[in-house]
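What follows is the residue order along each chain.
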Amino acid sequence: MRVLYAWELGDNYGHLTRGVALGQSLRQGRHPVMFAVRNTTIANEILVPAGFHFVQAPVHMRSRPFHQPISNYAGILLASGYDDLPGLSGMLRAWMSQILLFGADVVLIDHAPTALLAARALGIPAIAVGTGFEIPPDVMPFPSFAVTDSEQGSGGLSDGEALRNINRCLRDIGKPELADMGGLFAYSTNLITTIEELDHYPTRTNALHVGPITGARNLARVEWQTDKKIKALVYLRGQRSLLGERPVNSFSRG
């Protein structure tokens, strides 16, 4: 079984540390694995030492600012090129070509919605993996994660615009359209790589919680600085601080 691991959106180390663990397990079962990655620098650091090949994933080259509020998953899609019909069409066709050129029997979807559309168009099985945020539930409109009241009402508009552009691209290649945006992940088998209590969408019914998946890395051991019974581990991006004043450099590698 030939497996294409598709990583399209997002950045940093979480995607491929999860991907390399899955790839190693598949390789042990004698399944060839190819990675299509958003960030080739990170892939060079993580995949090359593990002996995996990779190619550049099709991504949208945005040439104009995106000013719409991003209040749900459809808003993320629009900001990632789904508001640009020619750009979306190009990404979809490019993903279809990568799947066919590799001869994939199954596509592993890691925050790769356009790769999922391509697998659906080709009738190739797809398995989506993610912490939950990358795999919204099969409901309409997509649940909102907006903070302000002005953003709350934009979710349905985002769903409608994304759906129109997706279906136009599918019509152009003679493939069945989506009935609604909730059907985007209805095609795939969805695996949530966290515990149910930490899922971004706690009411979902379209996925199985399998717990964290990560590859082994040579990381320094961190000792707790307190002997209190209740302890919490907080993940911070290096480019942000809690007060927005200066980077938290000690967390720059996640």
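Residues numbered from 1 in each chain as written. Predicted model: local features only at pLDDT ≥ 70, side-chain atom pairs only at ≥ 80, totals over all residues. Heavy atoms only, no water.

**Student:** Tell me about the packing of aromatic side chains, residues and numbers included.
**Tutor:** How two aromatic rings sit relative to each other is set out by the distance from centre to centre and by the angle between their planes. In this structure the tally under the stated criterion is four aromatic pairs. Each ring, one from F35 and one from F52, has its centre 5.2 Å from the other, and the planes form 65°; the classification is edge-to-face. Of the two residues, F35 sits in strand β2 (residues 33-37) while F52 sits in the loop between α2 (40-50) and β3 (53-56), which places them 17 residues apart along the sequence. Residue classification places F35 among the buried positions, given a relative accessible area of 0%. Ring geometry for Y73 and F142: centres 5.8 Å apart, planes at 90°, overall edge-to-face. On the criterion of sequence distance, the pair formed by Y73 in helix α3 (residues 73-82) and F142 in the loop between β5 (126-130) and α6 (149-152) is long-range, its members being 69 residues apart. Summarising the burial analysis for this pair, Y73 and F142 share the class buried. Each residue in the set Y5, F35 and F52 is aromatic and connected to the rest through ring pairs, giving one cluster. R27 extends its terminal NZ or CZ atom over the ring of F52, reaching a point 4.0 Å from the ring centre. Here the guanidinium or amino end of K231 rests over the ring plane of W224, the centre of that ring lying 6.0 Å away. (Phe/Tyr/Trp six-rings, centres within 6.5 Å; stacked < 30°, edge-to-face > 60°. Helix = DSSP H or I, 4+ residues; strand = E, 2+ residues; numbered from the N terminus. Buried < 20%, exposed > 50% of the residue type's maximum accessible area, 1.4 Å probe, protein only. Lys NZ or Arg CZ within 6 Å of the ring centre and 35° of its normal.)

**Student:** So what's going on with the pairing of strand β1 (residues 3-7)? Which residues, and what values?
**Tutor:** A large share of β1 lies buried, amounting to five of its five residues. Side chains of β1 alternate between two faces, with V3, Y5 and W7 and L4 and A6 buried alike. Running through helix α1 (residues 14-28), the crossover from β1 to the neighbouring parallel element β2 is right-handed. Relative to strand β4 (residues 106-110), β1 runs parallel, the two sharing five bridges. Considered in β4, the bridge of Y5 is made with L108. (Right-handed = clockwise from strand over helix to strand, strands pointing away. Pairing = 2+ DSSP bridges.)

**Student:** Can you break down helix α4 (residues 85-102) residue by residue, with the values?
**Tutor:** When the terminal C-alpha atoms of α4 are compared, their 26 Å separation across 18 residues agrees well with the 26 Å that a helix rising 1.5 Å per residue should span. If you check which residues of α4 are buried, you get G87, L88, S89, M91, L92, W95, M96, Q98, I99 and F102. Positioned one or two residues after α4, G103 has a phi angle of 70°, which is positive. (Expected span 1.5 Å × (residues − 1).)

**Student:** Explain unusual backbone geometry to me, and be specific about the residues and the numbers.
**Tutor:** A negative phi angle characterises most non-glycine residues, just as the trans form characterises most peptide bonds. Of the consecutive residues M140 and P141, the connecting peptide bond is found in the cis state with omega at -15°. Note that P141 resides in the loop between β5 and α6. Positive phi, close to 75°, is recorded for N12, a residue that is not glycine. Within the element layout of this structure, N12 appears in the loop between β1 and α1. We note that H111 has phi near 50°; this positive angle belongs to a residue other than glycine. Along the chain, the position of H111 falls in the loop between β4 and α5 (113-122). Here H111 falls in the buried class, since its relative accessible area comes to 8%.

**Student:** An account of the packing of α1 against α2 is requested, with residue identities and associated values reported.
**Tutor:** As a packed pair, α1 and α2 sit with axes 10 Å apart at the nearest point and diverge in direction by 20°. Comparing their axes, α2 and α1 come out roughly parallel. Where α1 crosses over α2, the handedness of that crossing is right-handed. From α1, L16, T17, V20, Q24 and R27 reach across to α2, where they touch I42, A43, I46, L47 and A50. For the contact of α1 with α2, a count of residues per class yields seven nonpolar, two polar and one charged. (Axes fitted to C-alpha atoms, helices over the stretch in contact; angles between N-to-C directions. Parallel < 35°, antiparallel > 145°, perpendicular 65-115°, else oblique. Left-handed = near helix turned anticlockwise from the far one by under 90°. Contact = heavy atoms within 4.5 Å. Nonpolar A, V, L, I, M, F, W, Y, C, P; charged D, E, K, R; others polar.)

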